Amino acid sequence: MSLDDFTELAGLFSTETVTHSLVQDVPLPGIGTLALVTLDNGLDHRKPTTLGPNTLLELGHILESLAERASKGEIQAVGITGKPYFLVAGADLTAVSAISKPEHGLAMAQLGHEVYGLLRNLPVPSFAFINGLALGGGLEIALQSTYRTVSASAGALGLPEAFLGLVPGWGGVYLLPRLIGPENAVKVMIENPLNNNRTLSGKQALELGVADALFDAADFLEQSLSWAAQVLSGEVTPERTHAVDASDPQVAERWQAAVDAGRAFVSRKISDAAPAPGKVLDLLEANRTQTQEESAAAECEALAGLMQTGEFRSTVYAFLDLVQKRAKRPAGAPDAKLARPVTKVGVVGAGLMAGQLALLFAKQLKVPVVMTDIDQERVDRGVSYIHGEVDKLQAKGRMSADAANRTKALITGAVDKQAFADADFVIEAVFEELSVKKQVFAEVEAIVSPECILATNTSSLSVTEMARDLEHPERLVGFHFFNPVAVMPLLEIVRAPKTSDETLATAFQLAKNLKKSAVLVKDAAAFVVNRVLLRLMGEVTAAFDEGTPADVADNALRPMGLPMTPFTLGAMVGLPVAQHVQESLHAAFGDRFTVSANLQALIDNGVKGLWAPTDDGGQEIPERVLALMTFGDNPSTSEEVLTRTQDALAEEIGLMLEEGVVAGPEDIDLCMILGAGWPMFLGGITPYLDRVGASERVNGKRFHAA
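Since the model is a prediction, treat every value here as computed from it, not as a measurement.

Enquirer: When you look at the UniProt feature "domain: 3-hydroxyacyl-CoA dehydrogenase NAD binding" (unreviewed entry) in the protein in this model, what are you seeing that I'm missing?
Expert: According to UniProt, the positions carrying the feature "domain: 3-hydroxyacyl-CoA dehydrogenase NAD binding" (unreviewed entry) are residues 344-523. As annotated, residues 344-523 comprises 41% helix and 21% strand, and the C-alpha atoms at either end are separated by 26 Å.

In structure tokens form, the structure reads like this:
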């Protein structure tokens, strides 16, 4: 094939934002000339570079011309880098998702291989200078190069295709295991994507062997060019200690073991509910004995097929429309110009949650944070916990010594709430009891300035009721984080009837500064995530109480591909906490939320969770735990529990939308993805309920137009 064969495909994407290939000759003293290609879409640093058909064609033509120059001896090497902060963010998902015909999907996959093949087969060495984010096709450009350097400040390097419903279709699945070993390749291509789309830092890329050298960001390009000259002169020979020969019998054993481990991980993580991760592993397993060309053909077929699946289109909706777009422009957020500055934060409480909040505020806002509690011992313990967490971040290389010292210095503790007198924002993280929270806010309001905003981190209680006796109820807002605070990206911002626009605008600006995605929710019991999750958990628990075997009830939702089973989630949250929220929901909404007598019996007897591990690696309910409970004689099948739960979720979400808890079903989808780990490949909970028919069975209509 030639580049001319893809002109028709490129013509289908006339609105593509093209990432141009800008070439300049760089003299390397004593060596000759390196032709440096900079990938740049001409937009500001917030707009990542991507690879659509027209971008690939332009890069391909540039590489053809460089190959001709190299053959004539005009250049001795080729380098490729990106505009500030980006190498390339990967394929243009907007373009890819617009492909409706399988033949066009196949052509897109083949075009990538055609262009990358030109890079790989240049008659002179090639260097990828990874100056920033490099994902998917962006990292594959680097893998096709002969040598790679990476910036110490580069973040987000990886092959996230399994997360997006695709495969690394432009050579990554073939090249990566040979470069860094099959075990590490499975980590990068399977484990990281399915663990909330984790990526590699520059340092991690070097340690794994993805990159050959690491340089500081300040003079990254200069250092990389100097290093390239040393490689070309023979002064430096990169050591690739993780690289393997796929034909080696010992490597073959490791290869198969890595594939098997990957399959087990996928089964545990998403119950094999999406096709892409398995397809990645199929390609990896097969390509150990294939040529790169044979693997490329298989990659193209796999990529073209996956582009047409519902899972991929669902992921595009969840990732692009929700996480990348709606989360950055929250529905209902007031004008940001109304936001007040926050120069000091107060945290009421010094327990685990309060400590997580204090650390987040200090680390991200870089403003003083003061914690209070009822005695000095609790305060000291809370501050000590935060210092320990900062030390862990420093030990892991995630925070410099200077940053660690500055963060510690920003966090102080006090017993007297008078320490909040000059605070601009005070958030409570005390016991989940309405009377306790009301007393806290009464005490704080008597101390702080009239402009100080008060926030509650409640997960289920009424913000309206907390504000009822305040002198300035308009200053109170719900600011609900999810645990662990440092990891979970969602913030439910709760507006009570009297919450002012200034208060709300400040809350949204704070969320942005804290690097959280905020969704505006109406003050209703348990808001969004906990209301949906507790309805789900309640249905499964009810089926168990009625006599459904525990393993049947707990595993019935496996087809949803949720990150954990309901009983495991209950144990992680804490049975008393789950029961407390369930009781709040029962009080608010009646028998749709049943309060389990069996669960209360476990709590009363100090049982932490239903399951206990067995010697053979399995799990069981201990006899002493079973003896605490009573069961009905109306068991359900796994399919019946699944359908029952789907219908319950459709009912609850329909009611939430009627009540105006959020602006639309997209906000519920966003909340569940960011706050509960709802799988991307299901495309959000409301499209899923549409697809399985629950929306129409229960509500008589879909949440989204067909």
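Further notes follow.
Enquirer: Got a minute to help me understand the packing of aromatic side chains in this structure?
Expert: Given two aromatic rings, their pairing is described by the distance between the two centres and the angle made by the two planes. A full pass over the atoms with the stated rule returns 14 aromatic pairs. Between the aromatic rings of phenylalanine 425 and phenylalanine 479, the centroid separation amounts to 5.3 Å while the plane-to-plane angle is 65°, which identifies the pairing as edge-to-face. With a gap of 54 residues between them, phenylalanine 425 in strand E13 (residues 425-428) and phenylalanine 479 in strand E15 (residues 476-481) connect regions that are remote in the sequence. Classification of phenylalanine 425 by relative accessible area gives buried; the value is 0%.

Enquirer: Sorry, what's going on with a nonpolar patch on the surface here?
Expert: A cluster of nonpolar residues, Met564, Met572, Val573 and Val577, forms a patch on the protein surface that exposes about 330 Å² of accessible area. Within the secondary structure, valine 573 is located in helix H23 (residues 566-573). You can call valine 573 partly exposed: its relative accessible area is 39%.

Enquirer: Is there a simple way to think about the sheet that holds strand E6 (residues 133-135) in this case?
Expert: Within a beta sheet, neighbouring strands are joined by backbone hydrogen bonds and run either parallel or antiparallel to one another. One open sheet accounts for three strands, arranged E4-E6-E8; its pairing is parallel. Among the strands making up the open sheet, the edge pair consists of strand E4 (86-88) and strand E8 (157-158). Sheet topology note: the E6/E8 ladder contains two bridges and is parallel. Looking at E8, one finds that alanine 134 is bridged to leucine 157. Sheet contacts for helix H5 (residues 137-144): E4, E6 and E8; angle to E6, the most-contacted strand, approximately 90°.

Enquirer: Please clarify how the pairing of strand E17 (residues 517-522) should be interpreted in this entry.
Expert: Each regular strand displays side chains that alternate between the two surfaces of the sheet. In terms of residue burial, E17 counts as a mostly covered element, since five of its six residues are buried. Pairing of strand E16 (residues 490-495) with E17, which is carried by six bridges, proceeds in the parallel orientation. By the bridge assignment for E17, valine 494 is matched with valine 521. With helix H20 (residues 501-513) bridging E16 and the parallel E17, this β-α-β connection has right-handed handedness.

Enquirer: For this particular structure, what's the right way to read a positive patch on the surface?
Expert: There is a patch of like positive charges on the surface, built from Lys47, Lys325, Lys328 and Arg329. Tracing the backbone shows lysine 328 in the loop between helix H14 (310-325) and strand E10 (345-348).

Enquirer: Looking at this structure, how should I read the sheet that holds strand E14 (residues 453-456)?
Expert: The strand order E12-E11-E10-E13-E14-E15-E16-E17 describes an open sheet built from eight strands, whose pairing is mixed. In this open sheet, the two strands that pair with only one neighbour each are strand E12 (411-414) and E17. Taken pair by pair, the neighbouring strands of this sheet meet at an average axis angle of 25°, ignoring direction. Relative to E16, E15 is paired through four bridges, and the arrangement is antiparallel. Bridging across to E16, phenylalanine 479 finds its partner in isoleucine 493. The sheet strands contacting helix H18 (residues 434-445) are E10, E13, E14 and E15, and the helix crosses E14 at an angle near 165°.

Enquirer: Would you mind going over the pattern of salt bridges with me for this structure?
Expert: When their charged atoms lie close together, side chains carrying opposite charge are able to pair. Enumeration over the complete set of coordinates arrives at 31 salt bridges. Between glutamate 652 and arginine 531 there is a salt bridge, and its shortest N-O distance comes to 2.9 Å. With glutamate 652 in helix H27 (residues 638-659) and arginine 531 in helix H21 (residues 529-545), this residue pair connects regions lying 121 residues apart in the sequence. By sharing partners, the salt bridges in this structure join Arg531, Arg535, Glu539, Glu546, Arg592, Arg644, Glu651, Glu652 and Glu659 into a single network.

Enquirer: Help me understand the side chain of arginine 178 in this model?
Expert: With respect to the helices, strands and loops of the structure, arginine 178 is situated in helix H7 (residues 172-180). Aspartate 245 provides the closest opposite charge to the buried, salt-bridge-free arginine 178, at an N-O distance of 7.2 Å. Among the polar contacts listed, one links the side chain of arginine 178 to the backbone oxygen of tyrosine 174, at a separation of 3.0 Å. Looking at arginine 178, its side chain comes within polar contact range of the main-chain oxygen of asparagine 287, at 2.6 Å.

Enquirer: When you look at the domain arrangement of the protein in this model, what are you seeing that I'm missing?
Expert: How big an interface is tends to be expressed through the accessible area that disappears when the partners come together. Each domain of the protein was delimited in the assignment, giving domain 1 (3-308), domain 2 (339-523) and domain 3 (529-661). In this structure, domain 1 and domain 2 have C-alpha centres spaced 42 Å apart.

Enquirer: Help me understand the environment of arginine 240, please; the structure alone is not making it clear to me.
Expert: Along the chain, the position of arginine 240 falls in the loop between helix H10 (220-233) and helix H11 (249-270). Spatially, the C-alpha atom of arginine 240 lies 28 Å from that of alanine 297, the residues being 57 residues apart in sequence. Residues in contact with arginine 240, not counting those within four places in the same chain, are Thr146, Tyr147, Arg148, Leu179 and Asp212.

Enquirer: I keep staring at helix H2 (residues 53-71) and nothing clicks. Help me out?
Expert: An α-helical segment advances 3.6 residues per turn. Residues three or four places apart therefore align on the same side. For H2, with 19 residues, the first-to-last C-alpha span of 27 Å sits near the 27 Å given by 1.5 Å per residue. Those residues of H2 that sit buried are Pro53, Thr55, Leu56, Leu57, Leu59, Gly60, Leu63, Leu66 and Ala70.

Enquirer: Sorry if this is basic, but what is going on with the side chain of threonine 614 here?
Expert: By secondary structure assignment, the location of threonine 614 is in the loop between strand E18 (612-613) and strand E19 (619-620). A distance of 2.9 Å separates a polar atom in the side chain of threonine 614 from the backbone nitrogen of glycine 618.

Enquirer: Looking at this structure, I do not really get the packing of helix H4 (residues 102-120) against helix H13 (residues 292-307). What am I missing?
Expert: Any two packed helices are characterised by how steeply their axes cross, that is the angle between the axes, and by the distance between the axes. Contact geometry of H4 with H13 gives a least axis separation of 8 Å together with a crossing angle of 145°. Classified by chirality, the crossing of H13 by H4 is right-handed. For the pair formed by H4 and H13, the contact residues are Pro102, Gly105, Leu106, Met108, Ala109, Gln110, His113 and Arg120 on the first element and Gln292, Glu293, Ala296, Glu299, Cys300, Glu301, Leu303, Ala304 and Met307 on the second. When the residues that make up the contact of H4 with H13 are grouped by side-chain class, the tally is nine nonpolar, four polar and four charged.

Enquirer: Whenever I open this one, unusual backbone geometry confuses me. Can you help?
Expert: Negative phi characterises most residues that are not glycine, and trans characterises most peptide bonds. Here the bond from asparagine 483 into proline 484 is cis, since omega is 0°, no more than 30 degrees from zero. Phi is positive for tyrosine 85, close to 80°, though the residue is something other than glycine. Within the fold, tyrosine 85 resides in the loop between strand E3 (77-82) and E4. With a relative accessible area of 56%, tyrosine 85 lands in the exposed category.

Enquirer: Where do I start with a negative patch on the surface in this structure?
Expert: A cluster of acidic side chains, namely Asp615, Asp616, Glu620 and Glu623, defines a negative patch on the protein surface. As for its placement among the helices and strands, aspartate 616 is situated in the loop between E18 and E19.

The rules behind the values
- Residues numbered from 1 in each chain as written.
- Predicted model: local features only at pLDDT ≥ 70, side-chain atom pairs only at ≥ 80, totals over all residues.
- Heavy atoms only, no water.
- UniProt positions renumbered as here; feature names shortened; annotations may be inferred.
- Helix = DSSP H or I, 4+ residues; strand = E, 2+ residues; numbered from the N terminus.
- Phe/Tyr/Trp six-rings, centres within 6.5 Å; stacked < 30°, edge-to-face > 60°.
- Buried < 20%, exposed > 50% of the residue type's maximum accessible area, 1.4 Å probe, protein only.
- Patch = residues over 30% accessible without salt bridge, like charges linked within 9 Å, V, L, I, M, F, W, Y side chains within 5 Å.
- Areas by Shrake-Rupley, 256 points an atom, 1.4 Å probe, with all protein chains shown as cover.
- Salt bridge = Lys/Arg side-chain N within 4 Å of Asp/Glu carboxyl O.
- Pairing = 2+ DSSP bridges.
- Contact = heavy atoms within 4.5 Å.
- Axes fitted to C-alpha atoms, helices over the stretch in contact; angles between N-to-C directions.
- Right-handed = clockwise from strand over helix to strand, strands pointing away.
- Lys, Arg positive; Asp, Glu negative; His and termini not counted.
- Charge placed at Lys NZ, Arg CZ, Asp CG, Glu CD.
- Polar contact = N/O pair within 3.5 Å; in protein donor to acceptor, adjacent residues only side chain to side chain.
- Domains from an automatic or database assignment.
- Expected span 1.5 Å × (residues − 1).
- Left-handed = near helix turned anticlockwise from the far one by under 90°.
- Nonpolar A, V, L, I, M, F, W, Y, C, P; charged D, E, K, R; others polar.

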